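Architecture and fold: a report
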Amino acid sequence: MDKIILILQAKDRKLATRVGKALASQRVFHDVCYETQLVDSIHYLYEFSNQTIIYQNNDSMSEIESTTSELVINDSIPNGVLTELTFCYSPTCWSKKPCYSPTCPKRIPQFHYGEEQEKKDVKFKSSQQYPNQHDDDRLWANRIDKETYNSIPKIERKRQENLCELIYTEEDYVLSLDYLQTVWIKPLKERPIIPTSRRESFIHKVFRNIASIYETNIRLLNALKSRQDENPIIYQIGDILLEFVIDFEPYIAYGSKQHEAKFTLESEKYINSNFEAFVQASIILFYIYIMPNRKRLGNRKAS
């Protein structure tokens, strides 16, 4: 971030962050683990992408900039206009104060527009994640009659809500795995989104043993739902978790290769515009897919 501030010759770190995010969106650099966007913090590491800016002389190609060199513009070089760093369009706007134009870059609200927009985007995304996850019909308190609810101590009510939350979050998780197999893996196998030469390798590196994880968790979900249906007051589920813990070994193989999976995914997005378009469409389909299938999933049995 300090380097960006030095280049911009500005003191506004939030402005530098927005510039950095704009560059990151064009893959100039990325988080070393492909996990976060640019954050103004010493606790995150970023690395530049493997790109080279080439300068062309009249006689030869050189990577050394000179006064007579002409920059070769291609798709790998970031481009765009950040209006916050531009001058006002009005030819009479010479002073340090904003001119008559309501969109003059010198106006303070203009400089903070990006920040406010980021807050709105974060709020929108947080409200969209697992939509309606806490619907009233999923709360334990609404699954039992009022008389029984009032007869239970407050601490036990909280325990029951926690157990109920564990079950419906497991349901959401299984549905997410189902979404991965239906919306991602199946189309990638059947459609020419990724060239045949690297398709099988890509699917293996990115998704690995997702099918095994799905089968384990659908069985766990069915066991939890069966226990929930036995009695509105769940006395224990620890015995179920102990029974399934030995089947969680696929998570070790999957988790140990997550960084490789993220690298493979980002690399394919960078070199394959068809796949990048597929990714964007699949993200939108997540919310369309989740809601209609939530009720169906509760009664689904593992094949």
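Residues numbered from 1 in each chain as written. Predicted model: local features only at pLDDT ≥ 70, side-chain atom pairs only at ≥ 80, totals over all residues. Heavy atoms only, no water.

Going by the annotation in an unreviewed UniProt entry, the name recorded for the protein is DH domain-containing protein, with Rhizopus delemar given as the source organism.

Attention shifts here to the overall build of the protein. Of regular secondary structure, the protein possesses 12 helices and 5 strands. Looking at the 303 residues of the protein, the share that counts as buried comes to 32%. For the protein, the proportion of contacts with a sequence separation of at least 24, taken over those separated by at least 6, is 60%. (Helix = DSSP H or I, 4+ residues; strand = E, 2+ residues; numbered from the N terminus. Buried < 20%, exposed > 50% of the residue type's maximum accessible area, 1.4 Å probe, protein only. Contact = heavy atoms within 4.5 Å.)

So, about unusual backbone geometry. Residue Arg-208 is not a glycine yet carries a positive backbone phi of 45 degrees. Among the secondary structure elements, Arg-208 is positioned in the loop between helix 7 (196–207) and helix 8 (210–230). On the basis of relative accessible area, Arg-208 is assigned to the partly exposed category, the value being 25%.

Before going further, it helps to examine the nonpolar core. Membership of the largest hydrophobic core comes to 24 residues, with the highest contact counts inside it found for Trp-184, Leu-188, Phe-202, Phe-207 and Phe-275. Residues within four places of Leu-188 in sequence aside, it is in contact with Ile-193, Ile-194, Arg-199, Phe-202, Ile-203, Phe-207, Phe-275 and Phe-278. Counting residues in hydrophobic clusters, the runner-up holds 8 residues, among them Leu-220, Leu-224, Ile-237 and Ile-240. (Core = buried A, V, L, I, M, F, W, Y, C linked by side-chain atoms within 4.5 Å.)

Attention now goes to the packing of aromatic side chains. Describing an aromatic ring pair means giving the distance of the ring centres and the angle of the ring planes. Enumeration over the complete set of coordinates arrives at 7 aromatic pairs. Between Trp-184 and Phe-207, the aromatic rings sit 6.4 Å apart at their centres with planes inclined by 65 degrees, giving edge-to-face as the arrangement. Within this pair, whereas Trp-184 is found in helix 6 (residues 154–190), its partner Phe-207 is found in helix 7, the two being separated by 23 residues in sequence. Given the relative accessible area of 5%, Phe-207 is considered buried. Note on Trp-184 and Phe-278: the rings are 5.5 Å apart at their centroids and 80 degrees apart in plane angle, and the pair reads as edge-to-face. Of this pair, Trp-184 sits in helix 6 while Phe-278 is found in helix 12 (residues 273–297), placing the two residues 94 residues apart along the sequence. Summarising the burial analysis for this pair, Trp-184 and Phe-278 share the class buried. These aromatic residues form a ring-pair network of at least three members: Trp-184, Phe-202, Phe-207, Phe-275 and Phe-278. (Phe/Tyr/Trp six-rings, centres within 6.5 Å; stacked < 30°, edge-to-face > 60°.)

Turning our attention to a nonpolar patch on the surface. Together, Ile-284, Leu-285 and Ile-288 make up a nonpolar patch on the protein surface, roughly 290 Å² of accessible area in all. Turning to its location among the elements, Ile-284 is positioned in helix 12. (Patch = residues over 30% accessible without salt bridge, like charges linked within 9 Å, V, L, I, M, F, W, Y side chains within 5 Å. Areas by Shrake-Rupley, 256 points an atom, 1.4 Å probe, with all protein chains shown as cover. Salt bridge = Lys/Arg side-chain N within 4 Å of Asp/Glu carboxyl O.)

A rise of 1.5 Å per residue sets the reference length of helix 6, with its 37 residues, at 54 Å; its end C-alpha atoms lie 53 Å apart and thus fit the reference within 8%. In the structure, helix 6 departs most strongly from a straight axis at Gln-181, where the bend amounts to approximately 30 degrees. (Expected span 1.5 Å × (residues − 1). Bend = angle between axes of the 7 residues up to and from the residue.)

Interaxial distance between helix 6 and helix 7 falls to 10 Å at its minimum, and their mutual angle equals 160 degrees. As summarised for this structure, helix 6 and helix 7 are arranged roughly antiparallel, according to the angle between their axes. Two secondary-structure elements touch here, helix 6 through Leu-180, Trp-184, Ile-185, Leu-188 and Lys-189 and helix 7 through Arg-199, Phe-202, Ile-203 and Phe-207. (Axes fitted to C-alpha atoms, helices over the stretch in contact; angles between N-to-C directions. Parallel < 35°, antiparallel > 145°, perpendicular 65-115°, else oblique.)

Within the secondary structure, Gln-228 is located in helix 8. For Gln-228, a relative accessible area of 9% corresponds to the buried category. Residues in contact with Gln-228, not counting those within four places in the same chain, are Arg-143, Cys-164, Ile-167 and Ile-234.

In this structure the tally under the stated criterion is 8 salt bridges. Between Arg-198 and Glu-268 there is a salt bridge whose closest N-O contact spans 2.8 Å. Of this pair, Arg-198 sits in helix 7 while Glu-268 sits in helix 11 (residues 258–271), and the two are 70 residues apart along the sequence. The partner of Arg-219 in a salt bridge is Asp-247, with the nearest N and O atoms 3.5 Å apart. Separated by 28 residues along the polypeptide, Arg-219 in helix 8 and Asp-247 in the loop between helix 9 (238–244) and helix 10 (250–255) bring together distant segments of the chain. Under the relative-accessibility criterion, Asp-247 is labelled partly exposed at 26%. Overlapping salt bridges, with partners in common, bring together Arg-227, Glu-230 and Asp-239 in one network.

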